[in-house]
Amino acid sequence: MGGRKLEGTIPVSGAKNAALPLMCAALLTEAPLQLTNMPTTLGDIVTLSAVLGELGVRTAIHKDEHTVILQAKDKTSCHAPYDLVRKMRASILVLGPLLARHGQAEVSLPGGCAIGTRPVDLHIDGLRAMGALIELESGYIKATAPHGLKGTTIVFPKVSVGATENLMMAACLADGCTVLSKAAQEPEIVDLGECLIKMGAKIEGLGTDEIRIQGVEKLKGTTHDVIPDRIETGTWMIAAALTGGKLQLKNAKLDHVTALVAPLEEAGLIIKQTGTDIIVSREGRPLTGTDIMTKPYPGFPTDLQAQFMTMLTLCMGAGMVTETIFENRFMHVPELCRMGANITVHNGSAIIRGVNSLKGAEVMATDLRASVALVLAALVAEGETTINRIYHLDRGYENIVDKLRACGADIERVK
Ligand code: UD1
């Protein structure tokens with residue numbers, strides 16, 4: 001039931017998109033890797049531990065301590081099967097580490113969110129440039145590196161988070177120096193790189209668009225604390241703007257969401273960082289329309305586009321949202337329109353003309369970020385909203401119902 005202002009404190013979980021590549025880094029060493037501040041209850045973490053289990057990685061998930069310990073001591077297999085990989089695209093991140101350590105890998109072509117074609121050509125081309133022999137056969141990437149991987153210079157034709165992570169991990173155990181040019185600069189890449197350095201890797205240039213990795217013979221185990229989830233942080237900041245309430249986000253980093261701060265302030269939100277918390281409130285100001293365009297980091301994150309658009313549905317005037325990372329990432333639009341939003345899409349842009357209110361309806365979650373956008377819409381819609389297919393939400397948002405209820409939302413999980 002919508003209409004309540006959110007007031008209270010929300011603890012931000014560890015970043016899913018940092019946690020997944022970090023788990024894959026365990027494949028690079030026989031020693032244990034201990035990851036803390038992990039979002040242990042997420043569907044994607046469970047799926048990836050099953051994929052890693054197939055590859056002989058022993059994983060202990062300590063849910064309440066938010067800790068995961070992984071050890072890839074004995075290789076039992078280099079085969080990541082379709083029925084697991086299809087559930088989550090990030091499974092492709094086992095490819096680089098497997099090839100680098102064992103000289104072979106067989107990984108199903110991934111599935112994941114239905115937000116465009118999402119190829120993996122950049123991962124494959126990069127590994128080929130490092131000397132891997134790769135064939136695509138029966139839906140599988142079959143890769144070998146009979147003479148090991150060799151360091152080289154790879155200039156990505158387009159910025160890719162996953163390809164940067166895969167190749168950075170592979171390069172840690174390659175022979176010689178690898179330069180990744182036009183590399184992704186996301187905080188999750190920096191987090192992975194910092195963990196790899198603690199494991200003994202030699203990496204420079206993290207957080208810039210050129211990363212240099214000097215291969216080493218062996219990596220060791222370590223303990224690493226996962227960064228807070230900037231997409232969850234941004235989602236709750238938008239929730240405060242939309243509902244007009246006041247939220248204190250615990251363990252959140254404002255410098256990871258800088259691209260969100262300016263448009264949210266323009267829209268009327270007041271944002272402060274105090275210690276490790278972010279405090280956001282609108283204090284009765286009107287919600288004003290503003291424009292955003294998604295870009296690779298440090299630009300506006302595509303993973304916050306649907307949530308931002310939801311906020312604009314109730315703005316004064318209009319706002320424009322342009323999506324440049326993924327095609328087909330406007331699947332939340334028809335659902336928002338069913339709730340009364342006024343949105344016109346033309347190619348990669350959407351004009352959102354503010355309406356006075358949204359109305360509760362039965363809607364369908366289509367992908368991870370689209371589903372949380374519908375939750376945000378439901379928080380302010382008049383009457384009751386039922387969201388179907390919430391398994392998408394469970395992939396990426398920990399305890400969402402409890403977190404929102406604690407701040408006064410009228411929300412329940414029906415099944
Ligand atoms: C990661 C995030 C995802 C986020 C996305 C963009 C994880 C687990 N997921 O996904 O939440 O939305 O970054 O910030 O971290 N591309 C190619 N060829 C490739 C690889 C990518 O053409 O080989 C294209 C994609 O289709 C897309 C763009 O490059 O259009 C960016 O994708 P990429 O950065 O690779 O996204 P992911 O790593 O899959």
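Before reading on, note that the structure itself is shown above.
Residues numbered from 1 in each chain as written. Predicted model: local features only at pLDDT ≥ 70, side-chain atom pairs only at ≥ 80, totals over all residues. Heavy atoms only, no water.

Moving on, we come to the overall build of the protein chain. When its secondary structure is counted, the protein chain shows 14 helices and 22 strands. For 415 residues, the compact-globule estimate of 2.2 N^0.38 gives 22 Å, and the protein chain sits close to it at 21 Å. Its C-alpha atoms put the protein chain at 65 × 45 × 40 Å along the principal axes. In the protein chain, 71% of the contacts between residues at least 6 apart in sequence involve partners at least 24 apart. Taken as a whole, the protein chain presents about 16,200 Å² of accessible surface, with 49% of it coming from carbon and sulfur. The protein chain carries 41 positive and 45 negative side-chain charges, and their two centres are separated by 1 Å. (Helix = DSSP H or I, 4+ residues; strand = E, 2+ residues; numbered from the N terminus. Rg over C-alpha atoms; globule rule 2.2 N^0.38 Å. Contact = heavy atoms within 4.5 Å. Areas by Shrake-Rupley, 256 points an atom, 1.4 Å probe, with all protein chains shown as cover. Lys, Arg positive; Asp, Glu negative; His and termini not counted. Charge placed at Lys NZ, Arg CZ, Asp CG, Glu CD.)

Residue Y297 is joined to P298 through a cis peptide bond whose omega torsion reads 10°. In this structure, H66 is a non-glycine residue whose phi angle is positive, near 55°. Position of H66 among the secondary structure elements: in the loop between β3 (58–62) and β4 (67–71). Here H66 falls in the partly exposed class, since its relative accessible area comes to 32%. Positioned with a positive phi, S138 is a non-glycine residue whose angle comes to about 50°. Within the secondary structure, S138 is located in the loop between β7 (133–137) and β8 (140–144). (Buried < 20%, exposed > 50% of the residue type's maximum accessible area, 1.4 Å probe, protein only.)

On to the layout of surface pockets, then. Estimated volume of the second largest pocket: approximately 600 Å³. Forming the walls of the second largest pocket are 21 residues, and the residues nearest its centre are T385, T386, I387, E412 and V414. Of all elements in the fold, only α12 (368–380), β22 (386–388) and α14 (400–405) reach the threshold of two or more residues within the lining of the second largest pocket. Split into classes, the residues belonging to the lining of the second largest pocket amount to 11 nonpolar, four polar and six charged. (1 Å grid on protein atoms, 1.4 Å probe; cavity = no way out; pocket = protein on both sides within 12 Å on 5 of 7 lines; lining within 4 Å. Points joined across faces, edges and corners; volume = space filled by probe spheres on them. Nonpolar A, V, L, I, M, F, W, Y, C, P; charged D, E, K, R; others polar.)

Across the sheet, which stays open at both edges, the four strands sit in the order β9-β10-β12-β11 with mixed pairing between neighbours. Since the sheet does not close on itself, it has two edges, and those belong to β9 (153–155) and β11 (202–204), each with one partner. Averaged over all neighbouring strand pairs, the angle between strand axes comes to 15°, with direction disregarded. Relative to strand β10 (residues 177–181), β9 is paired through three bridges, and the arrangement is parallel. Within β10, the residue paired with V155 across the bridge is S181. (Pairing = 2+ DSSP bridges. Axes fitted to C-alpha atoms, helices over the stretch in contact; angles between N-to-C directions.)

Turning next to the environment of R58. Locating R58 in the fold gives a position in strand β3. Sequence separation between R58 and A26 is 32 residues; the distance between their C-alpha atoms is 9.8 Å. Setting aside anything within four residues of it in sequence, one finds R58 in contact with I69, L70, Q71 and K73.

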